[in-house]
Amino acid sequence: MATTKWWQQAVVYQVYPRSFQDSNGDGIGDLPGITSRLDYIKKLGADVIWLNPIYRSPGVDNGYDISDYYDINPEFGTMADFDQLLAQAHQRGLKIMMDIVVNHSSDQNKWFIESAKSQDNPYSDYYIWRDPVDGHAPTNWGSFFSGSAWTYVPARGQYYLHAFAVEQPDLNWENPKLRQAVYDMMNFWVDKGVDGFRLDVINLISKPTKFVDGQPNPGEPYADIGPIIANGHRLSEFLQEMHAKVLAGHDLMTVGETPSATIKDAQQSAGLTTNELNMVFEFEHMNLDGNPAPELGKWNDQPVDLVDLKQSLSKWQTGLQGTAWNSLYWNNHDQPRIVSRFGSDEPKDRVVAAKMLATMLHGLQGTPYIYEGEELGMTNAHFTKLSDYQDLESLNAYHHLVDEEHRVSATQMLAYLAHMSRDNARTPMQWDASLNAGFSTAKPWLQVNANYPKINAQQTLASDASIFSYYQHLIKLRHTLPVMTTGTYQLLDANDASVYAYLRTSDTDQLLVICNFTATDQIRDYDQLPATAKLLLGNYADDQGAALRPYEAKIYQF
Ligand code: TEU
Ligand code: CA
């Protein structure tokens, strides 16, 4: 690899502002709350903070429905609070990456309010409008959040497209005026001094030339819109234009969220020399959970098959080697908690399992992302009632699959939600054992995980053997050991269904990473391991060689 870029050696910490720290006692996390916790993030050792959207928004999808891209959501504070957060972060050597949502806006955005008024006004072409076909929607496309992807507006006599909620109309990237408005907005934030962008569902912005019906899943009225609109024919052109008009000449970090992107797509969008984005979030490893009913999409309650997981991650490791750059993540605000999902949240296993999963991920080539609370081993919420949930994707899916289509029983769907709902990630940060986990003095907007008296930052920081200190160690290795960043990747024993082992190799160094994904003892000998190898890090107090204990993880250097 040529010279290493700063963002290739960086570790990102994701903050979900609503759930991080409330400063004014209204039960909602906010910007001054984040500022008050910067020292905690600094202590962990992360370099960059990714903030989920903090712009003005009616909050239908927790800020992914933006009504004013130039203003701060009053629930989170003011622009002065943002400036303060940015300045305080910079003072500590922390960078701030903004979440930009430009596949769609809120229906309360002035662009959409104007656009919906008539077929002939300055904003008419800012969104995707189509005439009815035989009195109904133009196509059978279904939204990511259930129901049709089209909604009719009588004032225009037309339907608008929304890949997500009805209140999230898709922007029309075919319109050069809209594109320029997006670039102007991004430049406003660049001029403020932000350090990068995470671009929400950016590979959905280029829609097909012709809109035709898709094939619905069995028993479903609508076709899945994802594959229909992902990776469109003008995506590259739009990203290169964005690069020229916003990114070029600044040393920013960019990551695109790209559901259904393939290796080939990523080589283009996250290519080292394509002048598009630095990296993308691919979804393959997040879509592998054993699924009893694949036609239900993400809804399942089964564990992942380790052989599948290895195969997918390995394909991305070798597929992007030398041509593009991976982002490494287990969690974010859309995914359940990894220790519950791919490890174990049983009290006897939770700590070692969380450290094992951290080892496996942070040992790979790419830029690692840590989602708030992951460094504490926070678990799924284990909610049991529908009324415990707030997330519109979860509520819509329940309504659609249980009440409307009778595809799944209520009990089954609650099990699926407990395993997969986005709210598993969104419960408030667990700071200490006091009321509401130290997140807020008021009743939090989403209930705190009941296990907060046992799992919280204060308790964790008191121990040298904590998950937090293990993450500190991994981050330090990434910052000090070039092979962690640059080393090539080689999977060992692809068909081993219990242990994930791989090599990282540079000109001067080699690492062997060994991770036991089971709750039982395993014996593994690796020919690749020389007698002189030194144990860099492990999640047990001692090294017992080939004998691996439950969820044991080790990194050897030689
Ligand atoms: O997510 C897009 C996405 O493809 C999924 O992760 C989505 O959240 C859902 O789980 C599909 O089943 C992004 C944001 O990260 C998410 O929070 C937003 O709700 C969504 O876009 C719309 O802006
Ligand atoms: Ca607040």
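Residues numbered from 1 in each chain as written. Chains lettered and ligands numbered in written order. Predicted model: local features only at pLDDT ≥ 70, side-chain atom pairs only at ≥ 80, totals over all residues.

Chemist: Please provide a residue-by-residue account of the overall build of the protein chain, values included.
Modeler: When its secondary structure is counted, the protein chain shows 18 helices and 22 strands. The C-alpha atoms of the protein chain give a radius of gyration of 23 Å, which matches the 24 Å a tight globule of 558 residues would have. If one aligns the C-alpha atoms of the protein chain with their principal axes, the spans along those axes are about 75 × 55 × 45 Å. Counting all 558 residues of the protein chain, 51% fall into the buried class. Restricting to contacts in the protein chain with at least 6 residues of sequence separation, those with at least 24 account for 67%. (Helix = DSSP H or I, 4+ residues; strand = E, 2+ residues; numbered from the N terminus. Rg over C-alpha atoms; globule rule 2.2 N^0.38 Å. Buried ≥ 20, exposed ≤ 12 C-beta atoms within 10 Å, placed from the backbone. Contact = placed C-beta atoms within 7 Å.)

Chemist: Lay out unusual backbone geometry with the relevant residues and their values.
Modeler: Although it is not a glycine, Asp-134 adopts a positive phi angle of roughly 50 degrees. Turning to its location among the elements, Asp-134 is positioned in the loop between β6 (129-130) and β7 (141-142). Given 6 C-beta atoms within a 10 Å radius, Asp-134 is considered exposed. For Asn-275, which is not a glycine, the phi torsion comes out positive at approximately 55 degrees. A residue is classified by how many C-beta atoms lie within 10 Å of it, and Asn-275, with 13 of them, is partly exposed.

Chemist: An account of the pairing of strand β22 (residues 553-557) is requested, with residue identities and associated values reported.
Modeler: For β22, the buried fraction is high: four of the five residues fall into the buried class. Relative to β22, strand β20 (residues 534-538) runs antiparallel, the two sharing four bridges. Counted as the bridge partner of Lys-534 is Gln-557 from β22. (Pairing = 2+ DSSP bridges.)

Chemist: So what about the site of ligand 1? Which residues, and what values?
Modeler: Around ligand 1, the structure places 13 residues, and the nearest of them are Asp-61, Tyr-64, Phe-164, Pro-259 and Asp-334. Looking at the shell around ligand 1 residue by residue, the classes come out as six nonpolar, one polar and six charged. (Near = placed C-beta within 6 Å. Nonpolar A, V, L, I, M, F, W, Y, C, P; charged D, E, K, R; others polar.)

Chemist: Please give an account of the packing of helix α13 (residues 392-404) against helix α14 (residues 410-420) that cites residues and values.
Modeler: At their nearest, the axes of α13 and α14 sit 10 Å apart, and the two run at 155 degrees to each other. One finds that α13 runs roughly antiparallel with respect to α14. α13 and α14 meet at a crossing whose hand is right-handed. Contacts between α13 and α14 involve Ser-394, Tyr-398, Leu-401 and Val-402 from the first element and Ala-410, Met-413 and Leu-417 from the second. In terms of residue class, the contact of α13 with α14 is made up of six nonpolar, one polar and no charged. (Axes fitted to C-alpha atoms, helices over the stretch in contact; angles between N-to-C directions. Parallel < 35°, antiparallel > 145°, perpendicular 65-115°, else oblique. Left-handed = near helix turned anticlockwise from the far one by under 90°.)

Chemist: I'd like a rundown of the pairing of strand β1 (residues 12-15), residues and numbers included.
Modeler: Because side chains alternate across β1, one face comprises the buried residues Val-12 and Gln-14, and the other comprises Tyr-13 and Val-15, equally buried. Two strands pair when backbone bridges link them, and β1 and strand β15 (residues 367-371) are joined in this way by three bridges, in the parallel orientation. Its bridge partner being in β15, Tyr-13 is matched across the sheet by Ile-370. With four bridges connecting them, β1 and strand β2 (residues 48-51) associate as parallel partners. Note that in β2 the partner of Val-12 across the bridge is Val-48.

Chemist: Can you break down the nonpolar core residue by residue, with the values?
Modeler: Counting 142 residues, the largest nonpolar core has Val-12, Ile-49, Met-97, Leu-357, Val-513 and Cys-515 as the members making the most contacts within it. Top element by residues in this core is helix α12 (residues 350-362). It accounts for nine residues. Apart from residues no more than four positions distant in its own chain, Leu-357 is found in contact with Trp-330, Ile-338, Val-339, Phe-342 and Gly-343. Listed in part, the 13 residues of the second largest apolar core include Trp-299, Phe-383, Tyr-389 and Ala-418. (Core = buried A, V, L, I, M, F, W, Y, C linked by C-beta atoms within 7 Å.)

Chemist: Describe the packing of α12 against helix α17 (residues 467-480), with residues and values.
Modeler: Across the interface, α12 lies against α17 with an axial gap of 10 Å and an inter-helix angle of 15 degrees. Between α12 and α17, the angle is such that the two are roughly parallel. Crossing geometry of α12 relative to α17 is assigned as right-handed. On the side of α12, the interface is formed by Val-351, Ala-354, Lys-355, Ala-358 and His-362, while α17 contributes Ile-467, Tyr-470, Tyr-471, Leu-474 and Arg-478. Residues that form the contact of α12 with α17 fall into these classes: seven nonpolar, one polar and two charged.

Chemist: Break down the domain arrangement of the protein chain for me, with residues and values.
Modeler: Looking at the assigned domains, one finds that the protein chain contains domain 1 (6-105 + 176-380 + 427-471), domain 2 (110-161) and domain 3 (487-557). Here the C-alpha centroids of domain 1 and domain 3 sit 28 Å apart. Each side of the interface is counted separately: domain 1 has 21 residues, and domain 3 has 22 residues. Counting only elements with at least two residues in the side of domain 1 that touches domain 3, the list comes to α10 (306-320) and α12. (Domains from an automatic or database assignment.)

Chemist: Describe α10, with residues and values.
Modeler: An ideal rise of 1.5 Å per residue puts 21 Å on 15 residues; α10 measures up with 21 Å between its terminal C-alpha atoms. Within α10, the full set of buried residues consists of Lys-310, Leu-313, Trp-316, Gln-317 and Leu-320. Seen along its axis, α10 keeps its buried residues to an arc of 135 degrees; they face one direction. Close packing links the buried residues of α10 with α9 (263-269), β16 (488-492) and β17 (499-505). Following α10 by one or two positions, Gly-322 adopts a phi angle in the positive range, close to 80 degrees. (Expected span 1.5 Å × (residues − 1). Arc of directions from axis to C-beta.)

Chemist: So what's going on with helix α4 (residues 79-91)? Which residues, and what values?
Modeler: Taking 1.5 Å of rise per residue, 13 residues should cover 18 Å, and α4 covers 18 Å from first to last C-alpha, within 8% of that figure. Gly-93 occupies a position one or two residues after α4 and carries a positive phi of about 75 degrees.

Chemist: Please set out the sheet that holds β20 residue by residue, giving values where relevant.
Modeler: As summarised here, the arrangement of the five strands in space is β16-β17-β18-β22-β20, forming an open sheet in which the pairing is antiparallel. Here the strands that pair on one side only, and so sit at the sheet edges, are β16 and β20. Neighbouring strand axes in the sheet, compared pairwise and without regard to direction, differ in orientation by 20 degrees on average. Docked against the sheet, α10 engages β16 and β17, running at close to 155 degrees with respect to β16.

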